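A structural walkthrough
Residue-level listing of the chains:
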Amino acid sequence: MASTSVTCISSILDDLQALENDCQFFANGPPKYLKRMLSYLRTFLLCARKYSNHDVQLPFDNKKNQADNHKASLEALAVRIGDAIPKRGKKIRWDVVYDLEKDIKSFEQEICEWYVFFLGSSSQQSSNSLVRQDDLMEFMDSLVNYLPRSRPAYEVGLIKALEEKLAFLKNFIRFVTLHGVENTELRPLLVHTEAVAVNAAHLSYKCQFKKGFGPPKDIKESISELLQKIIPVEPQVLGTCIQALSASKLSRQSYGDTDEHILSDFHHSLLCNLWDKLKRGSCAVILRQLQMFYEGLNSLRTILKEKPKEFDEKVRDPTRVVNCYGGDVISPLSLNAIKDAIQAKDMDIVCSELLKIIKLIDAVITEKCPESSSFNFPKTNGLGFVDSLLEKMMDVTSSEAGSIALIDHPIQKVLEELDCLRSLLRKIVELHNEDEDVQAIWNRIVGVAYRIEFLIDSLITGNILDSSSMSIHSILEEMNIIKAAAWKICDSERLGGKVKEVTKRFNHMPQEGSKPIVNDVVVGFEDETASIINQLRNGSLQVKIVSIVGMPGCGKTTLARIVYNDSSVKSHFYERAWCTVSQIYDKRNLLLQILTCIESKLPEYVFKMGEEDLDDFKMGEEDLALKVKRRLLKNRYLIVLDDLWDIDAWNGLEASFPDDGNGSRVILTSRLRGVAPQDKLDHEPYSLRQLAPNESWDLLKGKLYPGQDLAPPELCEIRQQVVEMCQGLPLTVVILAGILSRLDRHDWKEAVEGLSSRNVSSTEQCTATLELSYKHLPDTLKACFLYFGAFPEDHEHNTKRLISLWVAEGFVQKTQLKRSEDVANDYLMELISRSLVTVSKPRSIDGVKACRIHDLLYEFCVTKAKEENFSRLVRRDDKLSDINVPFYLRRLCIDSKVEHFDNLRLFSPAIRSLLLFSHDEDSRSSFDLRFIFHIIKLAKVLDLSQINLGSTFPRELELLVHLRYLAILVNGRPVPASISYLTNLETLIWRNSSDHGSINLGTWIWRNRCVHGSVSLPDTIWNLKKLRHLELIDEADKNYHVRFPDNNLDNSSQLCDLDILSCLSLNPRKNINKLLRKFPNIRKLRSSLNLDQGCEYHVAMDCLSHLESLSLSCVVYGGDRYQLDFQFPLTIKKLTLSYFRLPWSKMVAIGNLPNLEVLKLLDRSFEGEIWEMEVEKFPKVKFLKLDYLYIVKWTASSEYEYEDQYYFPRLQKLVLESCDALQEIPSCLGNSSTLEIIEVSKCPNCTSSLEEIQEEQRSNGYTDLKILIS
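So, here is what we can say about the structure in this document. Since this is a predicted model, take the numbers as computed values, not measurements. (Residues numbered from 1 in each chain as written. Predicted model: local features only at pLDDT ≥ 70, side-chain atom pairs only at ≥ 80, totals over all residues. Heavy atoms only, no water.)

**A closer look at the overall build of the chain**
Within the chain, the regular secondary structure consists of 44 helices and 34 strands. For the chain, the residues scored as buried account for 57% of the 1270 residues in total. The long-range fraction of contacts in the chain, counting pairs at least 24 apart against all pairs at least 6 apart in sequence, stands at 73%. Accessible surface, the chain: about 53,800 Å² in total, of which carbon and sulfur atoms supply 48%. (Helix = DSSP H or I, 4+ residues; strand = E, 2+ residues; numbered from the N terminus. Buried < 20%, exposed > 50% of the residue type's maximum accessible area, 1.4 Å probe, protein only. Contact = heavy atoms within 4.5 Å. Areas by Shrake-Rupley, 256 points an atom, 1.4 Å probe, with all protein chains shown as cover.)

This is the structure in structure tokens:
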């Protein structure tokens, strides 16, 4: 009877799967939950099948009546289950679905009781009891596939371990059976496995359906106890396993292609269990051997996955032997016996034999696929890498640590030979992509350089895994061979002519001082723009959606951005927010984006409020949604949801958008028409058409020659080819303009002809244009461009950090005249000028605060980076436990859910850059990645800023002596003294989680005082002599500052390379000048001053002779009565002051700084009803912001105002925010010929003064001034 029910269950599961395939609604609705319930039911019936031929009843209490006794019959339960399930072919309606769910719930108690009975029966079986292997395997397949998935974080890791150990038992039995081991030989193991499986099924069912399980501790203890039971301790079971593996080694039984998955599954189980053994540790010798074995098994998995068609008998047989030995050595079935049965010497022999077999498999594969190579180096920026390596080698050989590690190796000789090869690279740099012979030499030189780096760095860390195939002497021999072949080619006559030809065509270095074009050129959508603006400002008073749809690259985001920034739109809506959604999104992150835009200066806003408002970044989704709704309530708002992929994102956010009948609007951009709910649309979606030929031409002209009507003849000559080639796709036109802008006019025709003959879709044409654009990039820019593919999709890049990453990666060529950061900035500006990167947040004046790239360009970067072995991206839908990366992979980015990082098994000792990203809500969960740090000892870049490592700084990080860039997230942990071990560190970004536990570093900002949290850096910080960028951040305290150790400054080293420092705490009671002199070349500084009541201070910072950007805030202890004078460096270009409450007379120290371009006076930095400008003229200030100041009149003294020396002669933008009392603005601004825009927010009393300035501007003939009031 149970077998009939099993068939019926299988049938209903098949029906549901068919429905899910045919109806997307069912896939996301109740049937998905129902399917899981049915799967648990099926697992129970498979377990019960053993007893289906017997009249089995549960033990019953004599007090119960006969009806209860009959109900306890297994046969009766099976009949009721069969009756409840609709038969095959019956149409499943919603009422049937709900009835079925109700019936299944009624079985829960009985099923749990039967599982207890099965447990008792299985525990009483003898080791020779009969167990049907096929039935057991089917039962375990169902069990493993449907273990509880949606569990609390504290259970996820345990359930994952349970799944892996059950899978190992299952895969082990199938593996040895495949190789001829009989069922009768496995009886003790089968009995043990059945008992474990029944226990696991019972526990799984209770986790899913029963709530009377007890507190979380009981669940954890139950799972942990079961994990211990899985590992057999009975000698008879262990003996059975060892005999089965021995028989499998000797087996010569052949099997077909369909059996390969059994070999693969067992191989995967071996890797999982070996990883677990490695993480738990062992004696040093055995741990080292196991690590070597894991490396071999992992390499074998890579080989078999990448070359599955080469998996013939020559490979199958040795692979089988490897797995058999692996089962002997590291399976959980024999782990308990390792200490006694396998001594270190025996392990050494076994590992040696196994690695030989794996190398044999590799050789067979390589013979069949000679293009494959275990050492696949990046194909990008070869010359730049060699330059960087030579500089590094000179640095290493001159250091004490490097000299000791390399004392027995002829490194100096290698350095000399590599320098010679570099000169050859420079000779052929223009030709290496144009000539096959030259390309081959180029690849050999760059390849040997990468092996040199790997070998030297491994020697320094003592981390040589396999030196038999790589040694200094073998590399020197190879270099001599390469040199001879290279000189032969370089001396040939044919080379000279080609070099001249290629040099003429390519312009390889970016223009010095180039600036990005940040304005969007829109052609062809004038009618749509006007219509959308009209729809936003007029029409229904209810919340309505404006939908912009079209293919990728057609200009949806550009059009939305133009509308969003339109002055009439800005003044119409009180609140505006821009939110980028993308295909993979996190609701909490979307809400934070919206909240950040609503409070355009969210950190300052948060600090002005009480302590209760400090938790925005700790809030869950529901709290954030409510906060967004409250902020929008009673306000007319405009929200842009850019790049929407499905209606679920809208459904998740809609509740946060109140409908107050005031004309609020939402703009959606999407590739799909159906994502906007029809009831919210007043107008059909704006479907962006492709550009007409003349519009494509106008866009190209506008990009190449903005503001000019006539184009040069060279451009007119290719007009027809261009418009046909671009097929009306704006992105293709823009990218092509970027290419042409960097070529000589005479080469335009040739470049366009290479693409114009392609008969492909517009998207494919865009990709082809990208290929051409990429080909025309200098090698240094290629590396920088591809680096965008090492981040999650739609990632917004903080340019300061991006530049620090480029420098740490070695992409930036050092020069005598410029700092590395300036060169890197030039690279970024060049990529922007070529339309490959877009500006998402411009700086106040001339600069880029944040940038991103288009989806199509992003996918190009991801694909090209993988193709050229530059980097690899693991996306959210990839299983971290199964990631398969090449052994010599250089860069890896993982974008995953937070809880998945516990499953990360990354064994890639050669990795140099690891970037981990997660945007999930639960950022407080901490993870133990110490073993991975132990593996990646050669890492240079480590970004862990979104992965919480807990409250302890991992000691394994201290061993990463090659680290140049470290971004880390911890729970309130101060920077440890051991940070000094990282002597090569250039960038340190230290983030404290918002959840500190007992450490209170909160900030409370009130209207009259402020208190900042601060901690001390260790004395050893002065040993980080290469430090260029130091940033310390606290998620709960945006004005968190750190104190540098100053008790022994005379004997402390200078940090001469330090360029950026945030956030430094200064105490003027001490000699701050002495401390500041330790940073002689700093250019960007964010700092706080700690002041005492009733004291006088003179803060002299003019010793910082290179300082360009300074942000200062005030911390007052015991009140706010103090005297303060400043002496700023004359080099300052940007100055931000907060919380000082200075009298306006102190402005004299600022007003005549000769290079000051940006001035921000925030949060009561100055006080007094009247600011009368006198001698201070602000000669070069272009941007001025006054925010949250108590001021009534801002005037200019007539005594000092005369025609040839007026105030703010170069002012371009004025921003006034939250100055409630402000009534008067200097009328002299009406005479400014440079003033372009005045933005006013929450300043209700200055309207008449603004009107006077506008009128004065017009009377002077200046009609371009925009005044935006909100």
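What follows picks up the thread again.
**Observations concerning the sheet that holds strand β6 (residues 797-798)**
Taken together, 3 strands build an open sheet; the order of strands is β6-β8-β7 and the sheet is antiparallel. Every interior strand has two partners, whereas the edge strands, β6 and β7 (838-842), have only one. In this structure, β7 lies alongside strand β8 (residues 848-852), joined through 4 bridges in antiparallel fashion. Looking at β8, one finds that Val839 is bridged to Cys851. (Pairing = 2+ DSSP bridges.)

**Remarks on helix α25 (residues 556-564)**
Restricting attention to buried positions, one finds in α25 the residues Lys556, Leu559, Ala560, Val563 and Tyr564. Projection of α25 onto a plane perpendicular to its axis shows the buried side chains occupying an angular sector of 135°, all on one side. Lining the buried residues of α25 we find α24 (526-537), β1 (544-549), α26 (567-572), β2 (575-580), β3 (637-644) and β4 (665-670). (Arc of directions from axis to C-beta.)

**Overview of the packing of aromatic side chains**
Counted under the stated rule, the structure contains 32 aromatic pairs. Note on Tyr637 and Phe657: the rings are 6.3 Å apart at their centroids and 45° apart in plane angle, and the pair reads as tilted. Here Phe657 lies in the loop between α30 (647-653) and β4 and Tyr637 lies in strand β3, a separation of 20 residues in the sequence. You can call Tyr637 buried: its relative accessible area is 0%. The class of Phe657 is buried, set by a relative accessible area of 7%. Pairing Phe1178 with Phe1208 gives two aromatic rings, centres 4.4 Å apart and planes at 0°, and the pair type is stacked. With Phe1178 in the loop between β29 (1170-1173) and β30 (1183-1187) and Phe1208 in the loop between β31 (1193-1196) and β32 (1213-1217), this residue pair connects regions lying 30 residues apart in the sequence. (Phe/Tyr/Trp six-rings, centres within 6.5 Å; stacked < 30°, edge-to-face > 60°.)

**Things to note about the sheet that holds β1**
Judged by pairing direction, the sheet is parallel, and its 5 strands sit side by side in the order β2-β3-β4-β1-β5 without closing on themselves. The open sheet has two free edges, formed respectively by β2 and β5 (686-687), since each of these has just one partner strand. Note: β3 against β4, 5 bridges, orientation parallel. Along β4, the bridge assignment pairs Leu644 with Ser670.

**Here we look at unusual backbone geometry**
Between Ser1062 and the following residue, Cys1063, the backbone shows a cis peptide bond with an omega angle of 20°. By the secondary structure assignment, Cys1063 is in strand β20 (residues 1060-1066). The phi angle at Asp643 is positive, at roughly 65°, despite the residue not being glycine. Of note in this structure, Asp794 is not a glycine but carries a positive phi near 65°. Structurally, Asp794 can be placed in the loop between α37 (779-786) and β6.

**Section: the pattern of salt bridges**
Counting across every chain of the model gives 47 salt bridges. Note that Arg426 is salt-bridged to Asp387, the shortest N-O span being 3.4 Å. With a gap of 39 residues between them, Arg426 in helix α20 (residues 411-428) and Asp387 in helix α18 (residues 382-398) connect regions that are remote in the sequence. Here the salt bridges do not stand alone but share partners, grouping Lys392, Glu453, Asp457, Arg890 and Arg912 into one network. (Salt bridge = Lys/Arg side-chain N within 4 Å of Asp/Glu carboxyl O.)

**With respect to helix α44 (residues 1247-1259)**
An ideal rise of 1.5 Å per residue puts 18 Å on 13 residues; α44 measures up with 19 Å between its terminal C-alpha atoms. Every buried residue belonging to α44 is among Ser1249, Leu1250, Ile1253, Gln1254 and Gln1257, and all of these are buried. All buried residues of α44 fall inside an arc of 140° around its axis, so they share one side. Relative to its buried face, α44 has exposed residues pointing more than 90 degrees away, namely Glu1251, Glu1252, Arg1258 and Ser1259. Close packing links the buried residues of α44 with β33 (1237-1241) and β34 (1266-1269). Positive backbone phi, approximately 85°, marks Gly1261, located one or two places after α44. (Expected span 1.5 Å × (residues − 1).)

**Thoughts on the side chain of Asn1073**
Along the chain, the position of Asn1073 falls in helix α42 (residues 1072-1076). Contacts of Asn1073, omitting those with residues within four sequence positions, involve Ala1100 and Cys1103.

**Focus: the pairing of β2**
Burial analysis of β2 places 6 of its 6 residues in the buried class, which makes it a mostly covered element. Side chains Glu575, Ala577 and Cys579 project from β2 onto one buried face, and the interleaved Arg576, Trp578 and Thr580 project onto a second face that is buried too. Both β2 and β3 contribute to a ladder of 6 bridges, which runs parallel. From the neighbouring strand, Cys579 faces β3, where its bridge partner is Leu641.

**Digging into the environment of Leu130**
With respect to the element layout, Leu130 can be found in the loop between α7 (108-123) and α8 (133-145). Each C-alpha atom of the pair Leu130 and Thr184 lies 8.6 Å from the other, and the pair is 54 residues apart in sequence. In contact with Leu130, other than residues within four places in its own chain, are Lys50, Gln125 and Arg187.

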